[in-house]
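# A look at the structure
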Amino acid sequence: MVSKLKSVIAYLSYSGNTKEVAEFIEEKLIYEGVKVDIHRIGIDMPIHPEEYDYVFLGTFTWDRGSTPDEVKDFVLEIGYKPDNMAVFGTGDTQFGGDELFCRAVDKLVHFYNSQWPGLKVEQSPRGSQEAMIGKWVEGVLQDAKSYA
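Now for a look at the structure at hand. Keep in mind it's a predicted model, so treat the numbers as computed, not measured.

Where strand 1 (residues 6–11) and strand 2 (residues 35–40) come together, 6 bridges link them in parallel fashion. Across the sheet, the residue bridging to Val8 is Asp37, located in strand 2. Crossover handedness for the path strand 1 to helix 1 (residues 17–31) to strand 2: right-handed.

The following block contains the structure:
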């Protein structure tokens, strides 16, 4: 079990899907012994990524593959590219197909040069996607476990 690690889950959610994914991530992190803070993008005060071992950044994909303005503002608030960003998001293949599915996740992973692949969830995280979220969190924490 990972101990003494601190994380923040910063997310933007309109429909509730991205919030649900954030909640699954939170449950998994707590189960793994990681302290978790929650940050609602556009609502809560800015965060300081250097205070955390992991920053989980969640968004949905907007307007044919775009990153929502609130998430862009969050990126600007941080003002630099921390190396502890793990990006997740929700999308819908019925709007743009596979090419645009969760494109905001791809853009943020690339922007932050994240060491972890982005987690992409189709709409609401139900059924087999719950297990996928858990495996993704385990992958993000893997390096910490090897030093625990």
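More follows now that the structure is in view.
So, about the packing of helix 2 (residues 69–78) against helix 4 (residues 103–112). It is the contact of helix 2 with helix 4, at a shortest axis distance of 12 Å, that shows an interaxial angle of 15°. The angle between helix 2 and helix 4 places the two elements in the roughly parallel class. As for the relative orientation of helix 2 and helix 4, their crossing is right-handed in sense. Where helix 2 abuts helix 4, its residues Val71, Val75 and Ile78 lie against Leu108, Phe111 and Tyr112. A breakdown of the residues in the contact of helix 2 with helix 4 according to their chemical character gives 6 nonpolar, no polar and no charged.

Basis of the calculations
Residues numbered from 1 in each chain as written. Predicted model: local features only at pLDDT ≥ 70, side-chain atom pairs only at ≥ 80, totals over all residues. Heavy atoms only, no water. Pairing = 2+ DSSP bridges. Helix = DSSP H or I, 4+ residues; strand = E, 2+ residues; numbered from the N terminus. Right-handed = clockwise from strand over helix to strand, strands pointing away. Axes fitted to C-alpha atoms, helices over the stretch in contact; angles between N-to-C directions. Parallel < 35°, antiparallel > 145°, perpendicular 65-115°, else oblique. Left-handed = near helix turned anticlockwise from the far one by under 90°. Contact = heavy atoms within 4.5 Å. Nonpolar A, V, L, I, M, F, W, Y, C, P; charged D, E, K, R; others polar.

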